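Fold and contact review
Residues per chain, in single letters:
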Amino acid sequence: MPEELRLGAHVEQTDPIVEAAARNAPLVQFFLGDPQGYRGPEIRYAGGADALRADAEAAGVDLYVHAPYIVNVATTNNRIRIPSRKLLQQHVDAAAEIGAKGLIVHGGHVNKGDDPAVGFDNWRKAIEATDLKLPLLIENTAGGDQSMTRRLERIAGVWEAVAAAAGAEMVGFCLDTCHAHAGGLDLETVVDDLRAVTGRIDLVHLNDSRDEADSGADRHANLGAGHIDPDLLAHVVREAGAPALVETPGGAEEHVADFAFLRERLG
């Protein structure tokens, strides 16, 4: 495996440092609170945010936080968009407090019949309304015709709108391989295709897919256990040149096996 590659996993949030050590991983990702709720972030680490920040630094572990799945700042529905913006700011604040390297958020969607351009502009407004204290990494998603970040042309629309926002320099991109495969993107060219649109890939979510290409289904599988050619997964990691995290089933043992599977193919 290339020396410069940093490889980690999505873990349970109570003690990310212990989880990282169990995987011999220099980076981990986790939720802060309920991924399906609006209650706001919570720090479950003993000693709180300051202790987690200090202990992660001492252990040499980079922390990444995934925003709740329900965040949808693109939607035209005020009852979802306004709470989503509030929740996004709360997670930005909490992630910054623990010294996280980035906050990952899904691209969201508009309602059926809505003009996607409205969703793009809602992204611009959300960036301008949020005090970005750390990099916000927008992630491609797997399904839905109304999705903002499934297809390349929609990702381009989001990026053009975000680029026009004050604070755009704090926005990056997270490439999920399962989402790309299930969303109909070509993994052979996806890194170049996305860089042509966004100019960057800051993080890779390295996941196999339980479903066929362009299925629209977001169901992750362990590396080599799904429908993605293992050599394509290695190809994406090589080409992206960014830290990579597995969000695959199981715990430390399964994740270590995923790491070994990837190392074997990277050489």
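Above this text is the structure in question.
So, here's what we can say about the structure. What you are looking at is a predicted structure, and each value in this text was computed from that prediction instead of being measured. (Residues numbered from 1 in each chain as written. Predicted model: local features only at pLDDT ≥ 70, side-chain atom pairs only at ≥ 80, totals over all residues. Heavy atoms only, no water.)

**Section: the pattern of salt bridges**
To keep things clear, this is the line we draw: Salt-bridge detection follows one rule: a side-chain nitrogen of Lys or Arg within 4 Å of a carboxyl oxygen of Asp or Glu. Secondary structure elements are taken from DSSP: a helix is a run of H or I of four residues or more, a strand is a run of E of two residues or more, and numbering for both begins at the N terminus. The buried label applies to any residue whose accessible area, calculated with a 1.4 Å probe on protein chains only, is under 20% of its type's maximum; exposed applies above 50%, and partly exposed to all values in between.
Counting across every chain of the model gives 14 salt bridges. With a shortest N-O distance of 3.1 Å, Asp-214 and Arg-151 are connected by a salt bridge. In this pair, Asp-214 sits in the loop between strand 8 (208–209) and strand 9 (220–221) while Arg-151 sits in the loop between strand 5 (136–139) and helix 5 (152–163), placing the two residues 63 residues apart along the sequence. Note that Asp-211 is salt-bridged to Arg-219, the shortest N-O span being 2.9 Å. Among the residues examined, Asp-211 registers a relative accessible area of 13% and is labelled buried. The partly exposed category is assigned to Arg-219, whose relative accessible area is 36%. Each of the salt bridges in this network shares a partner with another, and the network as a whole consists of Asp-121, Arg-124, Lys-125 and Glu-128.

**Considerations on the nonpolar core**
Within soluble globular proteins, side chains that are nonpolar generally end up buried alongside one another. Basically, it comes down to this: For our purposes a nonpolar core is just a set of buried Ala, Val, Leu, Ile, Met, Phe, Trp, Tyr and Cys residues, chained together by side-chain atoms within 4.5 Å. Should any heavy atoms of two residues lie within 4.5 Å, those residues are considered in contact.
Phe-30, Leu-63, Ile-98, Trp-123, Leu-175, Val-190 and Leu-262 are the most contacted members of the largest nonpolar core, which totals 75 residues. With six residues, the single largest contributor to this core is helix 8 (residues 230–240). With residues up to four places along the chain from it excluded, the contact list for Leu-175 reads Asn-140, Ala-180, Val-190, Val-191, Leu-194, Ile-201, Leu-203, Val-204, His-205 and Val-236. Tyr-64, Ile-104, Cys-174 and Leu-245 belong to the second-largest nonpolar core, a separate cluster that totals seven residues.

**Observations regarding the environment of Met-148**
For Met-148, the location among the structural elements is in the loop between strand 5 and helix 5. Overall, the relative accessible area of 0% leaves Met-148 in the buried class. Taking the C-alpha atoms as reference, Met-148 lies 7.4 Å from Val-110; in sequence the two are 38 residues apart. Among all residues touching Met-148, those that are not within four sequence positions of it are Ala-74, Gly-107, Gly-108, His-109, Val-110, Pro-116, Gly-119, Phe-120, Trp-123, Arg-154, Ile-155 and Val-158.

**Some remarks on unusual backbone geometry**
Peptide bonds are trans in most cases, and residues, glycine excluded, mostly fall at negative phi. Even without being a glycine, Asn-24 presents a positive backbone phi close to 50°. Tracing the backbone shows Asn-24 in the loop between helix 1 (16–23) and strand 2 (27–30). One non-glycine residue with positive phi stands out, namely Asp-214, at about 65°.

**Notes on the side chain of Arg-154**
Stated precisely, the cut-off is as follows: This count recognises Lys and Arg as positive and Asp and Glu as negative, with His and chain-terminal groups excluded.
On the secondary structure map, Arg-154 appears in helix 5. Buried charged residue Arg-154 carries no salt bridge. Nearest counter-charge: Glu-153, at 6.0 Å. Filtering out sequence-adjacent residues up to four positions away, Arg-154 remains in contact with Pro-116, Phe-120, Asp-145, Gln-146, Ser-147 and Met-148.

**A look at the state of the cysteines**
As a reminder, the rule being used: The definition used for a disulfide is geometric: two cysteine sulfur atoms within 2.5 Å.
One pass over the structure, following the stated rule, counts zero disulfides. Sulfur of Cys-174: no disulfide; nearest cysteine sulfur belongs to Cys-178 and is 12 Å away. Overall, the relative accessible area of 0% leaves Cys-174 in the buried class.

**Details of helix 2 (residues 48–59)**
Rules: Multiplying 1.5 Å by the residue count of a helix minus one yields the expected span of that helix. Think of it as the arc spanned by the lines of direction from the helix axis to the C-beta atoms.
Compared with an ideal rise of 1.5 Å per residue, which puts twelve residues at 16 Å, helix 2 spans 16 Å between its outermost C-alpha atoms and is within 8% of the ideal. Within the sequence span of helix 2, burial applies to Gly-48, Ala-49, Ala-51, Leu-52 and Ala-56. Along helix 2, the residues classed as buried sweep out an arc of 160° about the axis, all on the same side. Exposed side chains of helix 2 directed beyond 90 degrees from the buried face belong to Asp-50, Glu-57 and Ala-58.

**What to know about the packing of helix 8 against helix 9 (residues 252–266)**
Worth spelling out the cut-off: All axes here are fitted lines through C-alpha atoms, helices being fitted over the stretch that makes contact, and every angle between N-to-C directions spans 0 to 180 degrees. Each angle receives one of four descriptions, namely roughly parallel if under 35 degrees, roughly antiparallel if over 145, roughly perpendicular if within 65 to 115, and oblique otherwise. Only Asp, Glu, Lys and Arg are considered charged, only Ala, Val, Leu, Ile, Met, Phe, Trp, Tyr, Cys and Pro nonpolar, and every remaining residue, Gly among them, polar.
Two elements in contact, helix 8 and helix 9, have axes whose closest approach is 9 Å; the angle formed by their N-to-C orientations is 80°. Overall, the two elements helix 8 and helix 9 adopt an arrangement that is roughly perpendicular. Here helix 8 contributes Pro-230, Asp-231, Ala-234, Val-237 and Arg-238 to the contact with helix 9, which in turn contributes Phe-261, Leu-262, Arg-265 and Leu-266. Its residues assigned to classes, the contact of helix 8 with helix 9 comprises six nonpolar, no polar and three charged.

**With respect to the environment of Leu-63**
Inspection of the secondary structure puts Leu-63 in strand 3 (residues 62–66). In this structure the C-alpha to C-alpha distance between Leu-63 and Gly-8, which are 55 residues apart in sequence, comes to 9.8 Å. Residues within four places of Leu-63 in sequence aside, it is in contact with Pro-16, Ile-17, Val-28, Phe-30, Leu-52, Ala-56, Ile-98, Ala-100, Lys-101 and Gly-102.

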